[in-house]
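# Observations on the three-dimensional arrangement
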Amino acid sequence: MKRLHLGIIGCGEIARYMVWMAHLVPEVRVVACCADRLERAAAFARRHRIPRTCADLTEMLARPDIHAVYIAVPHDLHYPMSLAAVEAGKAVLLEKPLARTLEEGQALVRATEGHKVGVNYQYRYDSGCYALARAVRAGTLGRVHSIRINVPWHREAEYFERSPWHRAIERAGGGTLITQGSHFLDIALWALGEKPASAMGYTTTPAFDVEVETLAHGVVQTEGGTLISIVSSMVAAREGAVTIEVYGERGTAVYRNRPFPSVRFIGVRVRREHPPIWGIHALHRSLAAFVRWVLQDTPFLIPAPEALPVLSAVDGIYRSARSGQRETIIL
Ligand SMILES: NC(=O)c1ccc[n+]([C@@H]2O[C@H](COP(=O)([O-])OP(=O)(O)OC[C@H]3O[C@@H](n4cnc5c(N)ncnc54)[C@H](O)[C@@H]3O)[C@@H](O)[C@H]2O)c1
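Description of the structure in this document. Computed from a predicted structure; not experimentally measured.

Helices and strands together make up the secondary structure of the protein, namely eleven helices and 14 strands. Here the C-alpha atoms of the protein give a radius of gyration of 19 Å, agreeing with the 20 Å that 2.2 N^0.38 yields for 331 residues. Judged by the C-alpha coordinates and their principal axes, the protein covers about 55 × 45 × 40 Å. Per-residue burial for the protein yields a buried fraction of 57% across its 331 residues. The contacts in the protein between residues at least 6 apart in sequence include a share of 70% that link residues at least 24 apart.

So, on to helix H9 (residues 176-192). Taking 1.5 Å of rise per residue, 17 residues should cover 24 Å, and H9 covers 23 Å from first to last C-alpha, within 8% of that figure. At Ser 182, H9 is deflected by roughly 60°, the largest bend along its length. With 17 of 17 residues buried, H9 is to be regarded as a mostly interior element. Immediately beyond the C-terminal end of H9, within one or two residues, lies Gly 193, with a positive phi of roughly 65°.

Turning our attention to the site of the ligand. The environment of the ligand is made up of 24 residues, and the closest members are Asp 36, His 75, Lys 96, Ser 163 and Trp 165. Here Asp 36 contributes a side-chain N or O atom positioned 2.6 Å from an oxygen atom of the ligand. With respect to the ligand, the backbone of Val 73 contributes an N or O atom lying 3.4 Å from an oxygen atom. Here the ligand loses 85% of its free accessible area of 850 Å² to cover by the protein chains. More than half of the atoms belonging to the ligand lie within 2 Å of the grid points that define the largest pocket. Those elements that place two or more of their residues in the shell around the ligand are helix H1 (13-22) and helix H4 (78-87). Considering only residue class, the shell around the ligand consists of ten nonpolar, eight polar and six charged. When residues are assigned to domains, the shell around the ligand turns out to be shared by domain 1 (4-123 + 283-303) and domain 2 (126-264 + 309-328), each giving three or more.

Now for the packing of aromatic side chains. One pass over the full model with this rule turns up ten aromatic pairs. For the ring pair Tyr 130 and Trp 190, a centre distance of 6.1 Å and an interplane angle of 50° mean the geometry is tilted. Residue Tyr 130 is found in helix H6 (residues 127-137), and its partner Trp 190 is found in helix H9; the two are separated by 60 residues along the sequence. Residue class for Tyr 130 comes out buried when judged on its relative accessible area of 7%. Of the residues examined, Trp 190 reaches a relative accessible area of 12% and is grouped as buried. Both rings, one in Phe 290 and one in Phe 300, keep their centres 6.1 Å apart while their planes meet at 80°; by these two values the pair is edge-to-face.

Turning our attention to the sheet that holds strand E4 (residues 68-71). On the basis of which strands lie adjacent, the open sheet formed by six strands has the order E3-E2-E1-E4-E5-E6 and parallel pairing. Each edge of the open sheet carries a strand with a single partner, namely strand E3 (52-53) and strand E6 (117-120). Relative to E4, strand E1 (residues 4-9) runs parallel, the two being bridged by four bridges. Of the residues in E4, the one forming a bridge with Leu 6 is Ala 68. Where H1 meets the sheet, its contacts fall on E1, strand E2 (28-34), E4, strand E5 (91-95) and E6, and the angle it forms with E4 comes to roughly 140°.

Let's shift gears to the packing of H9 against helix H11 (residues 308-323). Remark: H9 packs on H11, axes separated minimally by 9 Å, with the N-to-C direction vectors making an angle of 120°. Taken as axis vectors, H9 and H11 run oblique relative to one another. Crossing angle aside, the handedness with which H9 passes H11 is right-handed. Touching Leu 177, Ile 178, Ser 182, Leu 185, Asp 186 and Leu 189 of H9 are Pro 309, Val 310, Leu 311, Ala 313, Val 314, Ile 317 and Tyr 318, all from H11. Of the residues in the contact of H9 with H11, the class split is eleven nonpolar, one polar and one charged.

Further remarks concern the pattern of salt bridges. Tallying each qualifying case throughout the model produces 19 salt bridges. Residue Asp 76 is joined to Arg 171 by a salt bridge in which the shortest nitrogen-to-oxygen separation is 3.1 Å. Of the two residues, Asp 76 is situated in the loop between E4 and H4 and Arg 171 in helix H8 (residues 169-172); the sequence distance between them amounts to 95 residues. Accessibility expressed as a relative area gives 30% for Arg 171, which makes it partly exposed. Two residues, Glu 158 and Arg 162, come together in a salt bridge whose shortest N-O distance is 3.3 Å. Residue Glu 158 and its partner Arg 162 are both found in helix H7 (residues 157-162); the two are separated by four residues, about one turn of the helix. Its relative accessible area of 36% is what places Arg 162 among the partly exposed residues.

What follows deals with the sheet that holds strand E10 (residues 227-233). Strand order in the open sheet made by the eight strands is E13-E12-E11-E7-E10-E9-E8-E14, with mixed pairing throughout. Because the sheet does not close on itself, it has two edges, and the strands there are strand E13 (262-266) and strand E14 (327-328). In this fold H6 packs onto strand E7 (144-152), strand E11 (243-248), strand E12 (252-256) and E13, with an angle of close to 35° to the strand it touches most, E13. Strand contacts of H11: strand E8 (196-204), strand E9 (215-222), E10 and E14, with the helix running at about 55° to E8, the strand carrying the most contacts.

Scoring rules and cut-offs
Every chain is numbered on its own, with residues counted from 1 as its sequence reads. Local features in this predicted model are restricted to residues whose pLDDT is 70 or higher, and side-chain atom pairs enter the listing and the counts only when it is 80 or higher, whereas totals over whole chains, interfaces and linings include all residues. With hydrogens and water stripped out, all remaining heavy atoms of the structure feed into the side-chain values. Every helix listed is a DSSP run of H or I at least four residues long, and every strand listed is a run of E at least two residues long, numbered separately from the N terminus. We compute the radius of gyration from the C-alpha atoms alone; for a globule the expected value is 2.2 Å times N to the 0.38, where N is the number of residues. Categorising residues by exposure relies on relative accessible area from a 1.4 Å probe, with only protein chains included: less than 20% of the type maximum marks a residue as buried, more than 50% marks it as exposed, and the intermediate range marks it as partly exposed. What makes two residues a contact is simply this: any of their non-hydrogen atoms within 4.5 Å. Multiplying one less than the number of residues by 1.5 Å gives the expected span of a helix. Two axes enter the bend calculation: one fitted to the seven residues ending at the residue in question, the other to the seven starting there, and the bend is the angle between them. By convention in these notes, a residue is near a molecule or strand provided one of its non-hydrogen atoms lies within 4 Å of it. Here a polar contact is taken to be a pair of N or O atoms separated by no more than 3.5 Å, where protein atoms must pair a possible hydrogen donor with a possible acceptor and residues adjacent in sequence count only if both atoms sit in side chains. Accessible surface area values rest on a Shrake-Rupley calculation with a 1.4 Å probe, where residue burial reflects the displayed protein chains alone. A pocket here means an open set of points on a 1 Å grid, computed over the protein atoms alone, that has protein on both sides within 12 Å along at least five of seven lines. A cavity is instead a set of points where a 1.4 Å probe fits but cannot get out; residues with an atom within 4 Å of a point line either one. By definition, a pocket or cavity contains a molecule when more than half of the molecule's atoms lie within 2 Å of the pocket's grid points. Three classes are used: nonpolar for Ala, Val, Leu, Ile, Met, Phe, Trp, Tyr, Cys and Pro, charged for Asp, Glu, Lys and Arg, and polar for all others, with Gly counted as polar. Bear in mind that the domain bounds are from an automatic or database domain assignment. Stacked, tilted and edge-to-face are the three classes applied to pairs of Phe, Tyr and Trp rings, where Trp contributes its six-membered ring and a pair requires centres within 6.5 Å; stacked means planes under 30 degrees apart, edge-to-face means over 60, and tilted covers the rest. Any two strands are treated as partners once DSSP identifies two or more bridges connecting them. Axis angles are defined between N-to-C directions and span 0 to 180 degrees, where every axis is a line fitted to C-alpha atoms and, for a helix, only to the segment in contact. Note that the term roughly parallel is reserved for angles under 35 degrees, roughly antiparallel for angles over 145, roughly perpendicular for angles of 65 to 115, and oblique for everything else. The sense of a crossing depends on the near helix, which, turned anticlockwise from the far helix by less than a right angle, makes the crossing left-handed and, turned clockwise, makes it right-handed. Salt bridges are defined by distance alone: a side-chain nitrogen of Lys or Arg within 4 Å of a carboxyl oxygen of Asp or Glu.

Worth remembering: the numbers are spatial, not functional.
Shown next as structure tokens:
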């Protein structure tokens, strides 16, 4: 197989960015799309010059000319759709989070073992996050005692009106922490290479009439004792830069995603590492790396099991926010 034929499942916000990115990856061709409504998929196909519209998932998975699918749908559909795709013999690039709940995430990992299922936690391919994680992994900062993550994002009411599933716990599994903050909590856990052990958290919904939290504060302790704190928000009056501050015994690293991804090392000299694949953006690199994984078996940074630690940490923070207690994290 020289060129990967990709089907897109879910024609929403993120799917349109991925279609643009697909134009920049010569080894992939988007050949079909489907959505919850045929008209939506047909309009998406017209806008992005996708040759075929499928009525639904079943029709798409039955097509032998589709080698892989990109699943970008509400969180409650991540588990059943990934399973169906793997059973149909397709490789899968699944949007984050791995699943709506930890139980579904664990079941997904078990059921898809040995298959190519990647999760689009694309910040692992962000130049700043990658350099930061590699420096921490190499021990350049010394033992890391503390990581502080701030995600001061802003959403308008339109975000929930356009995609009402974001409002509902049953569909989304949670709000800003699972949907936005989990990107950067994943980076912290990946950088440390340690399992999360326990968590405490507070969640609240100071703005928007929705079931899910729009502000979350959490602390996760890893098995090695490092404390990771995260503030994840949809309610900042103005969206600010995401920051990840890593405090090690020899030095500090500070990541910012704006105005462009960057990491500054303080107190230590670091030979920066670059993401293992070229691209104009983390999404571009993530897609290109997935395609190479399927075609050439070159490693992809986030196979499904890699997305489980962050889901278990999110689950721990949510359980603690409900119980008011420190919760042990289940992996
Ligand atoms: N990696 C990122 O940076 C990033 C950014 C945004 C969203 N996401 C993730 O992408 C996923 C989708 O989010 P979104 O913002 O695009 O949501 P969205 O509401 O804009 O789009 C969801 C799409 O799913 C489709 N859908 C719903 N039910 C379906 C069904 N039964 N069969 C086929 N399609 C169906 C709908 O047609 C809709 O177009 C979520 O997992 C979200 O967390 C990732």
